[in-house]
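Take a look at the letters that make up each chain.
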Amino acid sequence: MAKKEKGKDYFGLPRIVSIILAIIPVTAWILGFLTRFKDGKILAGIIRIIGVGFILWIVDLILIILRGRILRLLPI
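Just so it is clear, the structure is predicted and the values come from calculations on it, not from any experiment.

Rules and cut-offs
Residues numbered from 1 in each chain as written. Predicted model: local features only at pLDDT ≥ 70, side-chain atom pairs only at ≥ 80, totals over all residues. Heavy atoms only, no water. Helix = DSSP H or I, 4+ residues; strand = E, 2+ residues; numbered from the N terminus. Buried < 20%, exposed > 50% of the residue type's maximum accessible area, 1.4 Å probe, protein only. Contact = heavy atoms within 4.5 Å. Areas by Shrake-Rupley, 256 points an atom, 1.4 Å probe, with all protein chains shown as cover. Phe/Tyr/Trp six-rings, centres within 6.5 Å; stacked < 30°, edge-to-face > 60°. Salt bridge = Lys/Arg side-chain N within 4 Å of Asp/Glu carboxyl O. Expected span 1.5 Å × (residues − 1). Axes fitted to C-alpha atoms, helices over the stretch in contact; angles between N-to-C directions. Parallel < 35°, antiparallel > 145°, perpendicular 65-115°, else oblique. Left-handed = near helix turned anticlockwise from the far one by under 90°. Nonpolar A, V, L, I, M, F, W, Y, C, P; charged D, E, K, R; others polar.

J.: When you look at the overall build of the protein in this model, what are you seeing that I'm missing?
T.: Scanning the protein for helices and strands turns up 4 helices and 0 strands. What you see in the protein, going N to C, is helices and strands ordered as α-α-α-α. The burial tally for the protein puts 29% of its 76 residues in the buried class. Across the protein, contacts joining residues at least 24 apart in sequence account for 55% of those joining residues at least 6 apart. With an accessible surface of roughly 4,900 Å², the protein has 76% of that area assigned to carbon and sulfur atoms.

J.: Looking at this model, I keep getting lost on the packing of aromatic side chains. Mind explaining?
T.: Two numbers describe a pair of aromatic rings. These are the distance of the centres and the angle of the planes. Counted by the stated rule, this structure contains 2 aromatic pairs. Members of the aromatic cluster, each reached through a chain of ring pairs, are Trp29, Phe33 and Phe37.

J.: Which parts of the structure should I look at to understand the pattern of salt bridges?
T.: Oppositely charged side chains may form a pair once their charged atoms are brought near each other. Considering all chains together, one arrives at 1 salt bridge under this definition. One salt bridge connects Arg36 with Asp39, and the closest N-O pair in it is separated by 3.3 Å. Among the residues examined, Asp39 registers a relative accessible area of 31% and is labelled partly exposed.

J.: Just to check I follow, could you spell out helix H2 (residues 25-38) for this structure?
T.: Residues three or four positions apart in an α-helix share a direction because the helix packs 3.6 residues into each turn. Compared with the 20 Å implied by 1.5 Å per residue over 14 residues, the 20 Å span of H2 between its first and last C-alpha is a close match. Three or more residues of H2 are buried, namely Ala28, Leu31, Gly32, Phe33, Thr35 and Arg36.

J.: Explain the packing of H2 against helix H3 (residues 42-50) to me, please; I cannot follow it from the model alone.
T.: Helix-helix packing is characterised by the crossing angle of the two axes and by the distance between the axes. The interhelical angle for the contact between H2 and H3, taken along N-to-C directions, is 165°, at an axis separation of 7 Å. With respect to their mutual orientation, H2 and H3 come out roughly antiparallel. The interaxial crossing formed by H2 with H3 has left-handed handedness. Counted together, Trp29, Gly32, Phe33, Arg36 and Phe37 of H2 and Ile42, Ala44, Gly45, Ile46, Arg48 and Ile49 of H3 form the full contact between these two elements. Across the contact of H2 with H3, the residue classes tally to 7 nonpolar, 2 polar and 2 charged.

J.: Would you mind showing me how to read the packing of helix H1 (residues 15-23) against H2 here?
T.: Taken N-terminus to C-terminus, the directions of H1 and H2 make an angle of 110°; their axes are 5 Å apart at the nearest point. With respect to H2, the axis of H1 lies roughly perpendicular. The segment H1 lies against H2, with Leu21, Ala22 and Ile23 engaging Pro25, Thr27, Ala28 and Leu31. Across the contact of H1 with H2, the residue classes tally to 6 nonpolar, 1 polar and no charged.

By themselves, these observations are geometric and do not establish any function.
Printed below as a string of structure tokens:
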């Protein structure tokens with residue numbers, strides 16, 4: 001059985017599933033802020049909800065494809 005990497009984005013789903021979900025803008029936006037809330041990063045989650053959605057979607061899509069993780073904009 002494969003070891004699940006801690007901290008993989010989109011709730012530990014396989015990379016291909018995360019890429020597919022990241023391609024869809026609304027899904028990527030919702031999962032992005034849910035992931036940040038799950039990490040306990042409330043401020044980062046609020047920023048994803050209220051504003052820079054399109055820019056973060058493009059960046060998250062690129063990062064999910066390249067490294068399997070979304071952007072960690074704020075470490076707080």
